[in-house]
Amino acid sequence: MSDGEGAQEPSSDHLSPADAFGKWAASEPVPLDRAALAIAAHCRTDAVDEAAALAELDRLGAAVREPVPEAVVGLLFGDEGFGPNRGRFADPANSYLDLVVSRRLGIPITLAVVTIEVARRAGLELHGVGMPGHFLVGTPDAGMFIDAFEGRLIDRAGAAAIFARFESRQAFDDSFLQPTPPEAILLRMLNNLRTLHLRQPDAPSLLAVLELLTKLPGCPPDEFLRLSQALATLGRPDEGARALEDAADRFGSRDGEHLRHAATRLWAQLN
């Protein structure tokens, strides 16, 4: 199954990466590979070769011997050498799909995206499992999961054991193993990047992440406020005010009025 099957191309050949991300995120179904590559293209200053990354995913999908989880795991984490970037877990590169594909290194969620997309091309439908603390991949067998970070198949008990390592103050619940839709995977990827750029303050990179968060369907008003604050911090309060005014039209009267008041306060900074 090639990358193009089931995904609609953006209507314009000249979309910015941010606008392309918004279009992919609102598609049905969401093309997870395309949307994840748009994150990389928007958030990095160096060029992203999306075509090369998609071609490599196609090659990997064609190399899967049989459309079963064992074959996908064996190919990716055995033959092809994908694995965790333990030494530099906090490296933003681990969140960029093209680099994960080329370097064979990543974090649980991006290795999971590779697994899902390679399996899809091989005719096997897998799904994300957004367990708190550690992202997994679900299989057609409700009791079997893939831990893409460790490159292995696990059962419910294995998932619970992983959860206990990361979330010792909370009891495990089977609801943690429910399928996670693609748009929630994208949100989690962006939140990971947001956290990295807040821990190691990088205002321009944080702004890029916020710009994508506000492109997600159902984005709450608070994200637009954060975007406007980031723009103001970078000396661009006029852009922040316009972003708030544009966002106000998307919300009901109460939220919209709140955003307009915030825009007025930013415009006042220019007077």
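Keep in mind that what you see is a predicted model, and the values were worked out from it rather than measured.

The next point concerns the pattern of salt bridges. A complete count under the given rule lists 22 salt bridges for this structure. Its salt-bridge partner being R152, residue D147 comes within 3.7 Å of it at the nearest N-O pair. For D147, a relative accessible area of 0% translates into the label buried. A residue is classified by how much of its surface remains accessible, and R152, at 35% relative accessible area, is partly exposed. Across the pair R226 and E223 runs a salt bridge whose closest N-O atoms are separated by 3.4 Å. Here R226 and its partner E223 are both found in helix 10 (residues 221-233), three residues apart, which amounts to about one turn of the helix.

Let's shift gears to the packing of helix 6 (residues 108-121) against helix 8 (residues 182-199). Two numbers describe how helix 6 lies on helix 8: the axes approach to 10 Å, and their chain directions differ by 150 degrees. Judged by the inter-axis angle, helix 6 sits roughly antiparallel to helix 8. The crossing of helix 6 and helix 8 is left-handed. Counted together, I109, T110, V113 and I116 of helix 6 and I185, R188, M189 and N192 of helix 8 form the full contact between these two elements. Residues that form the contact of helix 6 with helix 8 fall into these classes: five nonpolar, two polar and one charged.

The next point concerns helix 3 (residues 50-63). Taking 1.5 Å per residue, 14 residues should reach 20 Å; helix 3 reaches 20 Å between its end C-alpha atoms and fits that length. Every buried residue of helix 3 is listed here: A53, L54, E56, L57, L60 and G61. Take helix 3 and look down its axis: the buried residues cluster within an arc of 160 degrees, on one side only. Residues of helix 3 that are exposed and angled more than 90 degrees away from the buried face: A51 and A62. Buried residues along helix 3 sit against helix 2 (32-43), helix 4 (69-79), helix 5 (97-103) and helix 6.

The next subject is the nonpolar core. Counting residues in each nonpolar core, the largest one holds 67 residues, and the members touching the most others are F21, I39, V114 and L186. Per-element accounting of this core gives the leading share, nine residues, to helix 2. Beyond its immediate sequence surroundings of up to four residues, L186 is in contact with F21, A25, V30, L32, A35, A36, I39 and L216.

For the chain, the mean per-residue pLDDT works out to 92, and 95% of the residues sit at or above 70. Here residues 4-12 scores under 50 on pLDDT; set against residues more than four positions off or in separate chains, the count is ten contacts.

Taken in spatial order, the four strands of this open sheet run 3-4-5-6, and their pairing is antiparallel. Because the sheet does not close on itself, it has two edges, and the strands there are strand 3 (127-129) and strand 6 (152-155). Neighbour-to-neighbour, the strand axes of the sheet open up by a mean angle of 40 degrees, direction not taken into account. Across two bridges, the pairing between strand 4 (residues 136-138) and strand 5 (residues 144-147) is antiparallel. Its bridge partner lying in strand 5, G138 is registered against F145.

Conventions and cut-offs
- Sequence positions are assigned chain by chain, starting from 1 and proceeding in written order.
- Where local features are concerned, this predicted model is filtered to residues with pLDDT of at least 70; where side-chain atom pairs are given and counted, the filter is 80 or more; whole-chain, interface and lining totals use all residues.
- Excluding hydrogens and water, the side-chain figures rest on all heavy atoms present in the structure.
- When a carboxyl oxygen of Asp or Glu is within 4 Å of a side-chain nitrogen of Lys or Arg, the pair counts as a salt bridge.
- Residue exposure (1.4 Å probe, protein chains only): buried if accessible area is under 20% of the type maximum, exposed if over 50%, otherwise partly exposed.
- Helix numbers and strand numbers start at the N terminus; a helix is a DSSP run of H or I with at least 4 residues, a strand a run of E with at least 2.
- Every axis corresponds to a line fitted to the C-alpha atoms, with the helix fit spanning only the stretch in contact, and the corresponding angles, defined between N-to-C directions, vary from 0 to 180 degrees.
- Any angle that falls under 35 degrees is termed roughly parallel, while one over 145 is termed roughly antiparallel, one within 65 to 115 roughly perpendicular, and all others oblique.
- Crossing handedness follows the turn of the near helix against the far one: under a right angle anticlockwise gives a left-handed crossing, and clockwise gives a right-handed one.
- Here, residues are in contact when the closest pair of their heavy atoms is within 4.5 Å.
- Ten residue types, Ala, Val, Leu, Ile, Met, Phe, Trp, Tyr, Cys and Pro, are classed as nonpolar, four, Asp, Glu, Lys and Arg, as charged, and the remainder, Gly among them, as polar.
- One less than the number of residues in a helix, times 1.5 Å, gives the span that helix is expected to have.
- For this quantity, the arc is that covered by the directions from the helix axis to the C-beta atoms.
- Definition of nonpolar core: a set of buried residues of the types Ala, Val, Leu, Ile, Met, Phe, Trp, Tyr and Cys, connected through side-chain atoms within 4.5 Å.
- pLDDT expresses how confident the predictor is about each individual residue, on a scale running from 0 to 100.
- If DSSP finds at least two bridges between two strands, the strands pair.

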